[in-house]
Every structure is written in structure tokens, then in C-alpha cells.
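Residues per chain are reported as follows:
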Amino acid sequence: MVSLTALQRKKLTQQLEETQTEQEAANKEIPPAVAEADPEQCPHCGHDELGKWGNASGLQRWRCKDCKKTFNALTGTPLARLRKKEKWLDNADAMIAGETIERTAELCGVHPNTAFRWRHRFLDCQKRAQSQDLAGIAECDETYFYRSEKGSKNLQRRPRKRGGDKIKRGSKELVPVITLRDRSGHGADRVALDGVPPYIKDLFNQHLLEDTLLITDGKRSLCAGAKKRGKGSHVRVLGKEARGKKGEPYHTQTVNAFHSMLKGWMTRFRGVATKYLANYVGWHRHLTEGHHRNDPNLFIQLAFNPLAVNQQLKVI
Ligand SMILES: [Zn+2]
């Protein structure tokens, strides 16, 4: 700076200050869940000795002391490399309200294609972050959605007529969604894209406490899965309701009511592509379980680091 005149120096300082405040303003618009995230380990190798390593695009960078690779809080998560972070809180607000793509795009001031990409990136981790340790009494049942190749350029099957023939359970035209709910409002689910039984085993193994009493109706696949859990841990209710030894109500009404809610909520999307069905099921589950506490910042955090929001969650 020695060769600059006093005036030039003043201008340069001013410019630098302005750039700095602009940078600060840009940083402020990054959702706190992202800006303040403090990774515990390297996403490349899992090592936990990290050092700060400057900034890029308004995000803190870290460098792993072991593998020497650099990263930011979103590296290796579904939110990596998504742009316009200053609009993510608006997007999260729209998603908490369960808005359609068109409405979300309008609220965020982005193209519907962007809103669509954001929706599914936000849901990718959320669908896998499910409650573990379902306790007390848990109910399990299946519900079904029409197989849909919406948005796909190569339609593999003949288009279905609206209001056409009723399709029977077990048909390949229907995709089973298996849901587990305990009576304190926690749940887990699997979208069974290729046969139900393997999903049932996972669902029971990964989300039920050992002494949780499981209730199902008479469906063979559910009962077979339940049998593997051991004696006395499963009640099969064939009628409307039964009573336990202490008069506790045994039924599957909790999970069936939940399925009706899910179906009702889904009608606004007018049919979703089967490849995204698990995203929607997970979205609805998070809205009903309310881990985000209606806070768009927490909703964003659930999309890339759900365990920081709630340790009872488990990423499957
Ligand atoms: Zn590393």
C-alpha cells in the first residue's frame, strides 16, 4: 500500500470494509443450523481431530488432521452443494406447512424445479431418521399406494384408467407401506418396493424395545415377522378390539388412524412417483412427530444432522 496516495488508500480501505460487511451479511443469511454447525468428525475418514481451514461460500471449512482433506458442515450430506442458502429457511417453513411445489416456489422466489430439488434433498436424510426404542404397546399394519412412474420418460406399464378396476392387495400395482406406531406418537416405517418380509424384520429389529408389546391384525407376513421376536411379545387381534390381562386395550386403531391421516395429507400432491414415496412418508412422519418444533432452522438440521436435533432418532 506504500505507493498509493492517501486518497487511494482511503478508497481501498473503504472498499475492503464494504466487501467485509457484504460477506458478513451473506453469512448472516445462511441458516444458523448450517452456519453454526460444528462437525465432530471428518466426513471422509471419520477421524475426530479437525482444524479450521478458512471460509468458502460463506461456510466455515475444516481440515482433517489425519487424511488432510477439507470439508464443510454439509460435505457428504444431501444438502451439499445446494445453492441459495439464504432461502432455505423459507423453504423449510413451506415444508413444515406441507405446501405444494408451486406454492413453495412462490414463497421462496425460486423456480419450481429448484423447489422440487430442495424438497427431495431435504427429505433424503429425514426419511431415514426414524424413532428408535418404540415403547409400551406398538401397532403395526400395512397400507398401499398405487405404483406410479410420474415424471418418468419411459413408462414401463400401460397407463391406468382413472377410477378403473379395483386392484387387489398383493398386486404389483400397489406398493405396501409398513408402519409401526407406539401409543405415545412415535413411529417408523418402510416402503416395501420389492416384497414385504425383509422390511418387516428390519422394522421390528431396529425400532422396538425388547419388552415392547407388538399388536397386529391377522396378516400372515406381519405375524411371521412378529413370531421371530420371541414368545409373549406379540398379540394378534382379529376382531375390533381385545383386552389384556390388566384391561389394556389391544387394537390396531392407532396405526390405522395414522394411515388415514397420511392418505388424506397426500391427496394435495395428486399422486407421487413411487421412487419418491418413502420421502413423502418420511416427511409426513416428521411433521406428525414434530421433532422440528415448528422451527425452520431445526427442520433444516433434521435434513443433514438429525442426531443433533434428537438423539432418540436413528439414521437407518
Ligand atoms: Zn479425514
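Bear in mind the structure is a predicted one, so any value in this text is a computation, not a measurement.

Draft legend 1. The overall build of the protein, seen in detail. Of regular secondary structure, the protein possesses 11 helices and 12 strands. Along the first, second and third principal axes, the C-alpha set of the protein runs to 90 × 45 × 35 Å. Going through the 316 residues of the protein one by one, you find that 29% of them count as buried. In the protein, of all internal contacts separated by at least 6 residues, the share reaching a separation of at least 24 is 58%.

Draft legend 2. Region of the structure containing the sheet that holds strand β7 (residues 187–191). Pairing is mixed across the open sheet formed by 5 strands, whose spatial order is β7-β6-β5-β8-β9. Each having just a single partner strand, β7 and β9 (234–236) make up the two edges of the open sheet. When the angles between neighbouring strand axes are averaged without regard to direction, this sheet yields 25°. Strand direction decides the pairing type here: strand β5 (residues 137–146) and strand β6 (residues 174–182), joined by 9 bridges, are antiparallel. Of the residues in β6, the one forming a bridge with Tyr146 is Leu174. In the packing of helix α7 (residues 220–227) onto the sheet, the strands contacted are β5, β8 (213–216) and β9, and the crossing angle to β8 comes to about 165°.

Draft legend 3. Representation of the nonpolar core in the model. With 53 residues, the main nonpolar core has Ala138, Cys140, Ile178, Leu203, Leu214, Leu277 and Ile300 as its most contacted residues. No other element matches the 6 residues that helix α10 (residues 296–304) contributes to this core. Among all residues touching Leu214, those that are not within four sequence positions of it are Ala138, Cys140, Phe204, Leu208, Ala226, Arg229, Ser233 and His234.

Draft legend 4. View of the packing of helix α5 (residues 112–128) against α10. Between α5 and α10, the shortest axis-to-axis distance is 6 Å and the interhelical angle comes to 70°. Judged by the inter-axis angle, α5 sits roughly perpendicular to α10. By crossing handedness, the relation of α5 to α10 is classed as left-handed. Contacts between α5 and α10 involve Phe122, Cys125 and Gln126 on the former and, on the latter, Leu302, Ala303 and Phe304. Among the residues making up the contact of α5 with α10, the classes are represented as 5 nonpolar, 1 polar and no charged.

Draft legend 5. Layout of α5. With 17 residues, α5 extends 25 Å between its outermost C-alpha atoms, agreeing within 8% with the 24 Å of an ideal straight helix rising 1.5 Å per residue. Every buried residue of α5 is accounted for by Ala115, Trp118, Arg119, Arg121, Phe122, Leu123, Gln126 and Lys127. Considering only its buried residues, α5 is in contact with α3 (88–96), α4 (101–108), β4 (129–131), α9 (277–289) and α10.

Draft legend 6. A look at the pairing of β6. With 7 of 9 residues buried, β6 is to be regarded as a mostly interior element. Between β6 and β7, which pair antiparallel one after the other, the connecting turn spans 4 residues, and Gly185 there sits at a positive phi close to 90°.

Draft legend 7. Structural context of α9. Between its first and last C-alpha, α9 extends 18 Å over 13 residues, near the 18 Å set by a 1.5 Å rise per residue. Counting buried positions over the 13 residues of α9 gives 10, a clear majority of the element. Within α9, the full set of buried residues consists of Leu277, Ala278, Asn279, Tyr280, Val281, Gly282, Trp283, His284, Arg285 and His286. Elements that come into contact with the buried residues of α9 comprise α5, β5, β6, β7, α8 (253–266) and α10. With its phi angle positive at about 70°, Gly290 sits one or two positions after the end of α9.

Draft legend 8. Structural view of the packing of α3 against α10. At a minimum axis distance of 8 Å, the contact between α3 and α10 shows a crossing angle of 90°. Viewed along their axes, α3 and α10 adopt a mutual orientation that is roughly perpendicular. Across the interface between the two elements, Trp88, Leu89, Ala92, Asp93, Met95 and Ile96 of α3 pack against Pro296, Asn297, Phe299 and Ile300 of α10.

Draft legend 9. The arrangement of the pairing of β5 in detail. The buried fraction of β5 amounts to 7 of the 10 residues, a majority that puts the element mostly inside the structure. Pairing geometry for β5 and β8, over 3 bridges, is parallel. Bridge pairing in β8 places Glu139 opposite Ile215.

Draft legend 10. Quick peek at unusual backbone geometry. Even without being glycine, Arg81 reaches a positive phi, approximately 60°. Within the secondary structure layout, Arg81 lies in the loop between β3 (70–71) and α3. A tally of 10 C-beta atoms within 10 Å means that Arg81 is categorised as exposed. In this model, Arg270 sits at a positive phi of 50°, which is unusual for a non-glycine residue.

Draft legend 11. View of the environment of Gln206. Tracing the sequence through the fold places Gln206 in helix α6 (residues 197–207). With 15 C-beta atoms packed within 10 Å, Gln206 lands in the partly exposed category. Sequence separation between Gln206 and Leu134 is 72 residues; the distance between their C-alpha atoms is 9.5 Å. Those residues in contact with Gln206 that lie beyond four places of it in its chain are Gln132, Lys314 and Ile316.

About the thresholds
Residues numbered from 1 in each chain as written. Predicted model: local features only at pLDDT ≥ 70, side-chain atom pairs only at ≥ 80, totals over all residues. Helix = DSSP H or I, 4+ residues; strand = E, 2+ residues; numbered from the N terminus. Buried ≥ 20, exposed ≤ 12 C-beta atoms within 10 Å, placed from the backbone. Contact = placed C-beta atoms within 7 Å. Pairing = 2+ DSSP bridges. Axes fitted to C-alpha atoms, helices over the stretch in contact; angles between N-to-C directions. Core = buried A, V, L, I, M, F, W, Y, C linked by C-beta atoms within 7 Å. Parallel < 35°, antiparallel > 145°, perpendicular 65-115°, else oblique. Left-handed = near helix turned anticlockwise from the far one by under 90°. Nonpolar A, V, L, I, M, F, W, Y, C, P; charged D, E, K, R; others polar. Expected span 1.5 Å × (residues − 1).

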